[in-house]
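Coordinates in review
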Amino acid sequence: MQKREKSFGIQMLSVQPDTKPKGCAGCNRKIKDRYLLKALDKYWHEDCLKCACCDCRLGEVGSTLYTKANLILCRRDYLRLFGVTGNCAACSKLIPAFEMVMRAKENVYHLDCFACQLCNQRFCVGDKFFLKNNMILCQTDYEEGLMKESYATHVR
Ligand SMILES: [Zn+2]
Ligand SMILES: [Zn+2]
Ligand SMILES: [Zn+2]
Ligand SMILES: [Zn+2]
């Protein structure tokens, strides 16, 4: 899987006093400050290039911005909203970062996928589950599996 992030650089430019002021893509007013930001081929007030989520000024946060669906976001929020957590260990599809997941050891699961893989029993907080050969098992199936195994090793 290739990781493709929609990140764009931000440049800070000093405004030459003899040039015509540029319009800000954020507030549509003319930029009369000494510095302006250039990003996405547009010009911005330092205050106007902000993350749509947390309102942080993107000109200061490491000079990269991320866009998705017309939103301008800082890296943290972009990853939180649109990054991926990993692949679900049960159905092996990608899990988007904003989705709730269940974790068991290094594995992550969709909430819907986190069930006993033999009897489909769901687990609630506090329930016991077992991981065997990377399969999630409920206590009943796990113990049944153990019994069969010990049976198999004893009866010869
Ligand atoms: Zn502005
Ligand atoms: Zn942000
Ligand atoms: Zn899944
Ligand atoms: Zn089960």
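Attention in this report is confined to the structure presented alongside it. Computed from a predicted model, the values in this text were never measured in an experiment. (Residues numbered from 1 in each chain as written. Chains lettered and ligands numbered in written order. Predicted model: local features only at pLDDT ≥ 70, side-chain atom pairs only at ≥ 80, totals over all residues. Heavy atoms only, no water.)

This paragraph deals with a positive patch on the surface. A grouping of Lys 20, Lys 22, Lys 30 and Lys 32 is seen on the molecular surface, where their side chains present a positively charged patch. In this structure, Lys 22 sits in the loop between β2 (11-14) and β3 (35-39). The exposure class of Lys 22 is partly exposed, given its relative accessible area of 32%. (Patch = residues over 30% accessible without salt bridge, like charges linked within 9 Å, V, L, I, M, F, W, Y side chains within 5 Å. Areas by Shrake-Rupley, 256 points an atom, 1.4 Å probe, with all protein chains shown as cover. Salt bridge = Lys/Arg side-chain N within 4 Å of Asp/Glu carboxyl O. Lys, Arg positive; Asp, Glu negative; His and termini not counted. Charge placed at Lys NZ, Arg CZ, Asp CG, Glu CD. Helix = DSSP H or I, 4+ residues; strand = E, 2+ residues; numbered from the N terminus. Buried < 20%, exposed > 50% of the residue type's maximum accessible area, 1.4 Å probe, protein only.)

Turning our eyes to something else, we now look at the sheet that holds strand β5 (residues 64-68). The sheet built from 3 strands is open, its strands ordered β1-β5-β6 with antiparallel pairing. The open sheet terminates on both sides in strands that have one partner only, identified here as β1 (7-9) and β6 (71-73). Taken pair by pair, the neighbouring strands of this sheet meet at an average axis angle of 35°, ignoring direction. With 3 bridges connecting them, β5 and β6 associate as antiparallel partners. Counterpart to Lys 68 in the pairing with β6 is Leu 71. (Pairing = 2+ DSSP bridges. Axes fitted to C-alpha atoms, helices over the stretch in contact; angles between N-to-C directions.)

Within the protein, Cys 24 (SG), Cys 27 (SG), His 45 (ND1) and Cys 48 (SG) serve as the donor atoms for the zinc ion (ligand 1), at 1.9 to 2.3 Å. Considering all 4 donor atoms around the zinc ion (ligand 1), the spread of angles at the metal, 101 to 113°, places the coordination shape in the tetrahedral class. Sequence spacing of the donors to the zinc ion (ligand 1): C-x2-C-x17-H-x2-C. Of this pair, Cys 24 sits in the loop between β2 and β3 while Cys 48 is found in the loop between β4 (42-44) and β5, placing the two residues 24 residues apart along the sequence. For Cys 24, a relative accessible area of 2% gives the class buried. (Donors = N, O, S within 2.8 Å, 3.2 Å for Na, K, Ca; no water. Tetrahedral: all angles 85-135°; square planar, octahedral: opposite > 155°, others 65-115°.)

Our next topic: the pattern of salt bridges. According to the stated counting rule, one finds 5 salt bridges in the structure shown. Salt-bridge contacts for Lys 132 lead to Glu 149; the nearest nitrogen and oxygen are separated by 2.4 Å. Placement of Lys 132 in strand β11 (residues 129-132) and of Glu 149 in helix α2 (residues 139-154) is noted, with a sequence separation of 17 residues between them. Owing to a relative accessible area of 22%, Lys 132 belongs among the partly exposed residues under this scheme. Since its relative accessible area comes to 40%, Glu 149 is described here as partly exposed. Here the residues in one salt-bridge network are Glu 46, Asp 47 and Arg 57, joined through shared partners.

Another aspect to go through is the coordination of the zinc ion (ligand 3). The coordination sphere of the zinc ion (ligand 3) contains the protein donors Cys 88 (SG), Cys 91 (SG), His 110 (ND1) and Cys 113 (SG), at a distance range of 2.0 to 2.3 Å. With 4 donor atoms in place around the zinc ion (ligand 3) and angles of 103 to 114° between them, the coordination shape is tetrahedral. For Cys 91, a relative accessible area of 27% corresponds to the partly exposed category.

Time to look at the environment of Asp 47. Mapped onto the elements, Asp 47 comes out in the loop between β4 and β5. Separated by 14 residues in sequence, Asp 47 and Asp 33 place their C-alpha atoms 11 Å apart.

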